[in-house]
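Examination of the molecular architecture
So the chains spell out like this:
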Amino acid sequence: MARYIWRIFQHSAIPLSWGICFASVRTLSNGTEFHVQGFKMTGYVRVEYDEGSDTFTITLTPDDNKENRKIIENVYLDNLISVIDENVEYCEDYETKIRQWLRKQAV
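Cut-offs applied
- Residues numbered from 1 in each chain as written.
- Predicted model: local features only at pLDDT ≥ 70, side-chain atom pairs only at ≥ 80, totals over all residues.
- Heavy atoms only, no water.
- Helix = DSSP H or I, 4+ residues; strand = E, 2+ residues; numbered from the N terminus.
- Polar contact = N/O pair within 3.5 Å; in protein donor to acceptor, adjacent residues only side chain to side chain.
- Contact = heavy atoms within 4.5 Å.
- Salt bridge = Lys/Arg side-chain N within 4 Å of Asp/Glu carboxyl O.
- Buried < 20%, exposed > 50% of the residue type's maximum accessible area, 1.4 Å probe, protein only.
- Patch = residues over 30% accessible without salt bridge, like charges linked within 9 Å, V, L, I, M, F, W, Y side chains within 5 Å.
- Areas by Shrake-Rupley, 256 points an atom, 1.4 Å probe, with all protein chains shown as cover.
- Lys, Arg positive; Asp, Glu negative; His and termini not counted.
- Charge placed at Lys NZ, Arg CZ, Asp CG, Glu CD.
- Pairing = 2+ DSSP bridges.
- Axes fitted to C-alpha atoms, helices over the stretch in contact; angles between N-to-C directions.

1. Some points on the side chain of Glu 33
Mapping Glu 33 onto the fold places it in strand β2 (residues 31-37). Polar side-chain contacts of Glu 33 include one of 3.3 Å to the side chain of Arg 46. Ignoring sequence-local partners within four residues, the contact set of Glu 33 consists of Ser 24, Val 25, Arg 26, Leu 28, Tyr 44, Val 45 and Arg 46.

Right under this line is the structure:
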């Protein structure tokens, strides 16, 4: 299942913006877990497949508040990347933050 999820991610450039630490990638029996450094959240993302409902459950665990986990259930395959992106990276002033980040990288 982990390989399947990563194949889904490879068909989009969006996961590259999450700041995935590839050294943190773990294979789970029914999914995968990895660390991200996004504009909205820095922490762990766990993606698990629920065979009964044919959907995914996403668990977000922020580094700065591990007790404040967010669990998103019943995520369909075609929404998997967008749901993670909305919770990890994309924010209201996204384009401004990207410009600021690029300026810092250029210095």
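2. Examining the pattern of salt bridges
On inspection of all chains with the given rule, the structure shows four salt bridges. For Arg 26, the salt bridge goes to Glu 33, with nearest N and O atoms at 3.2 Å. You can call Arg 26 partly exposed: its relative accessible area is 44%. Glu 48 serves as the salt-bridge partner of Arg 46, at 3.7 Å between the closest nitrogen and oxygen. Judged by relative accessible area, Arg 46 falls into the partly exposed class, the value being 24%. Overlapping salt bridges bring together Arg 26, Glu 33, Arg 46 and Glu 48 as one network.

3. Observations concerning a negative patch on the surface
Together, Asp 50, Glu 51, Asp 54 and Glu 73 make up a region of like negative charge exposed at the surface. Within the secondary structure, Asp 50 is located in strand β3 (residues 42-50).

4. Section: a nonpolar patch on the surface
Taken together, the side chains of Met 1, Tyr 4 and Leu 77 make up a nonpolar region of the molecular surface, amounting to roughly 250 Å² of accessible area. Among the structural elements, Leu 77 can be located in the loop between β5 (70-75) and α2 (80-88). Taking the relative accessible area as the measure of exposure, Leu 77 reaches 36% and is therefore partly exposed.

5. A closer look at the sheet that holds strand β1 (residues 21-28)
Here we have five strands laid out as an open sheet, ordered β1-β2-β3-β4-β5, and antiparallel in their pairing. Two strands lie at the open edges of the sheet, namely β1 and β5, each paired on one side alone. The average angle at which neighbouring strand axes cross in this sheet is 20 degrees, direction not considered. Against the sheet, helix α1 (residues 2-10) engages β1, β2, β3 and β4 (55-62), with an angle of about 45 degrees to β2. Packing of α2 onto the sheet brings it into contact with β2, β3, β4 and β5, and relative to β4 it is tilted by some 15 degrees.

6. Things to note about the pairing of β2
Among the seven residues in β2, six count as buried, and that is most of the element. Of the strand pairs in this sheet, β1 and β2 are connected by four bridges, and their pairing is antiparallel. Residue pairing across strands places Arg 26 opposite Glu 33, the latter belonging to β2. Count of turn residues in the β1/β2 antiparallel hairpin: two residues. Sheet topology note: the β2/β3 ladder contains seven bridges and is antiparallel. Among the inter-strand pairings, His 35 is bridged to a residue of β3, identified as Tyr 44. Once β2 ends, the chain turns through four residues before running back antiparallel as β3.

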